[in-house]
Amino acid sequence: DGSGTPLLLPGVLEWERVDVSTGVMPADINAPGLAVSLTPRRPGKTWTRVGELFGARPGWVADTTERTPAAIARLNSYGSGGLLLGGPLRPDRLGVVFAGTWTKASRYERTGPTLLDSDLGSLFGHLVYTPTPRDEVRLIGWVQRASYPFTSRCRPSPVIPVPTSPPAVGGV
């Protein structure tokens, strides 16, 4: 749609590796300027569990005093949590990695009194099947849901010109 909004916002738990390339890129990457390659985490030989929580209450995040000029945006609160589970379903044959994240934030824009809420939820799954030592079949599923304030709510109304009557031309 040309807005610059990404299709998906990747977290960090579900990726084993993230590569960023610019300029001279490998021959197998066809991108005009910047390429981001995500390598999904593989199931391990044993079960792995990782959890993370981050957050900040309104008093911990931003200075609430009015400033001149006003801040463009001021974070009110932030919270994020994630969980990763991965391991073998059938040793040396079938393994799985599941990850889920949830992020919620609220903010104020300029000196406006309206609290603006945003959130992002994500589920990720990676199934790896190894029928033989030389062959591998992988299935990746990724679903996200994001909600955020209407992006055009702050745009000014179009200026409508006010018609003026032509100047009076005097005569005798």
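Provided above is the structure to which this section pertains.
Described below are features of the structure shown in this document.

What counts and how
- Residues numbered from 1 in each chain as written.
- Predicted model: local features only at pLDDT ≥ 70, side-chain atom pairs only at ≥ 80, totals over all residues.
- Heavy atoms only, no water.
- Salt bridge = Lys/Arg side-chain N within 4 Å of Asp/Glu carboxyl O.
- Helix = DSSP H or I, 4+ residues; strand = E, 2+ residues; numbered from the N terminus.
- Buried < 20%, exposed > 50% of the residue type's maximum accessible area, 1.4 Å probe, protein only.
- Lys, Arg positive; Asp, Glu negative; His and termini not counted.
- Contact = heavy atoms within 4.5 Å.
- Pairing = 2+ DSSP bridges.
- Axes fitted to C-alpha atoms, helices over the stretch in contact; angles between N-to-C directions.
- Core = buried A, V, L, I, M, F, W, Y, C linked by side-chain atoms within 4.5 Å.

**Structural notes on the pattern of salt bridges**
Applying the stated criterion across every chain yields a total of six salt bridges. Here E136 makes a salt bridge to R42, at a shortest N to O gap of 2.5 Å. Linking E136 in strand 7 (residues 135-147) with R42 in the loop between strand 2 (34-40) and strand 3 (48-56), this pair joins segments that are 94 residues apart in sequence. By relative accessible area, E136 is classed as partly exposed at 38%. Close ionic contact of R138 with E136 constitutes a salt bridge, the shortest N to O distance being 3.5 Å. For R138, a relative accessible area of 43% puts it in the partly exposed group.

**Side note on the side chain of E14**
Tracing the backbone shows E14 in the segment before strand 1 (15-22). Buried charged residue E14 carries no salt bridge. Nearest counter-charge: R41, at 7.6 Å. Filtering out sequence-adjacent residues up to four positions away, E14 remains in contact with P40, R41, L84, A99, F124 and W142.

**Here's the deal with the sheet that holds strand 5 (residues 94-109)**
Each strand in a sheet pairs with its neighbour through backbone hydrogen bonds, running either in the same direction (parallel) or in the opposite one (antiparallel). In spatial order, the strands read 3-4-5-6-7; together these five strands make up an open sheet with antiparallel pairing. Only two strands of the sheet have a single partner each, and these edge strands are strand 3 and strand 7. Adjacent strand axes in the sheet meet at a mean angle of 5° when their direction is disregarded. With twelve bridges connecting them, strand 6 (residues 116-132) and strand 7 associate as antiparallel partners. Its bridge partner being in strand 7, V128 is matched across the sheet by R138.

**Structural notes on the environment of G141**
Among the secondary structure elements, G141 is positioned in strand 7. Judged by relative accessible area, which is 35%, G141 ranks as partly exposed. Residues G141 and G125, spaced 16 residues apart in sequence, show a C-alpha to C-alpha distance of 5.1 Å. Look past the residues within four positions of G141 in its chain and what remains in contact with it is L123, F124 and G125.

**Considerations on the nonpolar core**
Among the nonpolar cores identified, the biggest contains six residues, and these are L13, W15, L84, V97, A99 and F124. Excluding residues that lie within four positions of it along the chain, L84 makes contacts with L13, E14, R41, T48, R49, V50, V97, F98 and A99.

**Thoughts on the side chain of S21**
Looking at the element boundaries, S21 is found in strand 1. Contact partners of S21, with chain neighbours within four places excluded, come to P26, I29, G33, L34 and A35.

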